[in-house]
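# Overview (structure and organization)
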Amino acid sequence: MSSTPLSIDALAERLPAKARLIGVDLGTKTIGLALSDVERRVATPLGVVKRTRFAKDAEALSARIREFDAFALVVGLPLNMDGGAGPRVQATRAFLRNFARLDSIPVIFWDERLSTAAVERALIANDVSRARRAAVVDQMAAAYILQGALDRLAGLARLPPA
């Protein structure tokens, strides 16, 4: 991959008929991961990688990519509510620029505004304890991000050719 992420439209054009995608919620303490099925209909929480240093974080992410033979990453982009790019966006882009030197997997960014809040609300509505919410929120947020991209890809597949 170049250090420039793909658009979702460009990813849709490159996707093989059956291929998994990995959703990534890149936090400061953990990296939440989610996995799609090969038909790209459902995103399932996959787990978290505890952040330590870049080399270890990148290797853990690469190991998951290889383990599931993922075709691309859908990375949550933590835009500000006004759509602007703050320090977290810069940190996410920097991580992916560095990761691109180690792994050539295609990457798209997906707007993750309110994803964690939506997941928290759903967990609270389902009476999940605070401790359990803390343990699963990052991987659930990654699944939320990935599901948004999967839904968009499904919509693109239904559009007539231009």
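Residues numbered from 1 in each chain as written. Predicted model: local features only at pLDDT ≥ 70, side-chain atom pairs only at ≥ 80, totals over all residues. Heavy atoms only, no water.

### Regarding the pairing of strand E3 (residues 43-50)
Rules: Between any two strands, pairing holds if DSSP finds at least two bridges. Each helix is a run of H or I in the DSSP string that is no shorter than four residues. Each strand is a run of E no shorter than two, and both are numbered from the N terminus.
Where strand E2 (residues 30-36) and E3 come together, seven bridges link them in antiparallel fashion. Within E3, the residue paired with Ser36 across the bridge is Ala43. In sequence, E2 turns back onto E3 through a hairpin of six residues, with Arg40 there showing a positive phi of about 60 degrees.

### Section: the pattern of salt bridges
Threshold: Here, a salt bridge means any Lys or Arg side-chain nitrogen found within 4 Å of an Asp or Glu carboxyl oxygen. Exposure categories follow from relative accessible area, calculated using a 1.4 Å probe and restricted to protein chains: below 20% of the type maximum is buried, above 50% is exposed, and the middle band is partly exposed.
Using the criterion set out here, one finds six salt bridges in the structure. Residue Glu39 pairs with Lys18 through a salt bridge whose shortest N-O separation is 2.8 Å. Here Glu39 is found in the loop between E2 and E3, whereas its partner Lys18 is found in the loop between helix H1 (8-14) and strand E1 (20-26), with 21 residues between them in sequence. The closest approach of N and O atoms between Arg51 and Asp57, which form a salt bridge, is 2.8 Å. Classification of Asp57 by relative accessible area gives buried; the value is 2%. If you follow the salt bridges from partner to partner, you end up with Lys18, Glu39 and Arg41 in one network.

### Observations regarding helix H2 (residues 54-67)
Two residues of an α-helix separated by three or four positions point the same way, owing to the 3.6 residues in each turn. So the rule is basically this: In a helix, the anticipated span is given by 1.5 Å times the number of residues less one. What the arc covers is the set of directions going from the helix axis to the C-beta atoms.
A rise of 1.5 Å per residue sets the reference length of H2, with its 14 residues, at 20 Å; its end C-alpha atoms lie 20 Å apart and thus fit the reference within 8%. Within H2, the full set of buried residues consists of Asp57, Ala58, Leu61, Ser62 and Ile65. For H2, the angular spread of the buried residues around the axis is 130 degrees, confining them to a single face. More than 90 degrees from the buried face of H2, the exposed residues found are Arg66 and Glu67. Asp69 lies just past H2 and shows a positive phi near 50 degrees.

### A closer look at the packing of aromatic side chains
What counts is decided by this rule: The criterion for an aromatic pair is that two Phe, Tyr or Trp rings (for Trp, the six-membered ring) have centres within 6.5 Å, with stacked assigned to planes under 30 degrees apart, edge-to-face to planes over 60 apart and tilted to the rest.
By the definition in use, this model includes two aromatic pairs. Seen in terms of ring centroids, Phe54 and Phe95 are 5.2 Å apart; in terms of plane orientation they differ by 70 degrees. Their pairing is edge-to-face. Separated by 41 residues along the polypeptide, Phe54 in helix H2 and Phe95 in helix H3 (residues 87-100) bring together distant segments of the chain. Phe95 gets classed as buried once you look at its relative accessible area, which sits at 6%. With a centroid separation of 6.2 Å and 10 degrees between ring planes, the pair formed by Phe95 and Phe99 is classed as stacked. Taken together, the residues span about one helical turn, with Phe95 and Phe99 both in helix H3 at a distance of four residues. Put simply, the rings of Phe54, Phe95 and Phe99 touch in pairs and so form one group of aromatic residues.

### Let's talk about the nonpolar core
Put simply, the rule is: What we call a nonpolar core is a set of buried Ala, Val, Leu, Ile, Met, Phe, Trp, Tyr and Cys residues that are connected through their side-chain atoms within 4.5 Å. Pairs of residues are marked as contacts when any of their non-hydrogen atoms sit within 4.5 Å.
The biggest cluster of nonpolar side chains holds 22 residues, and the ones touching the most others in it are Ile22, Val24, Leu33, Leu61, Ile65, Leu73 and Phe99. Taken together, the elements giving at least two residues each to this core come down to E1, E2, E3, H2, strand E4 (70-77), H3 and strand E5 (107-111). Discounting residues that sit within four places of it in the chain, Ile65 has contacts with Ile22, Ala70, Leu73, Phe99, Asp103 and Ile105. In terms of nonpolar packing, the next biggest core, distinct from the first, is built from 18 residues, Leu6, Leu15, Val74 and Ala143 among them.

### Overview of the environment of Ala12
As for its position among the elements, Ala12 is in helix H1. On the basis of relative accessibility, which here comes to 29%, the residue Ala12 falls in the partly exposed class. A sequence separation of 119 residues divides Ala12 from Ala131, and the C-alpha atoms of the two residues are 38 Å apart. Those residues in contact with Ala12 that lie beyond four places of it in its chain are Leu153 and Leu156.

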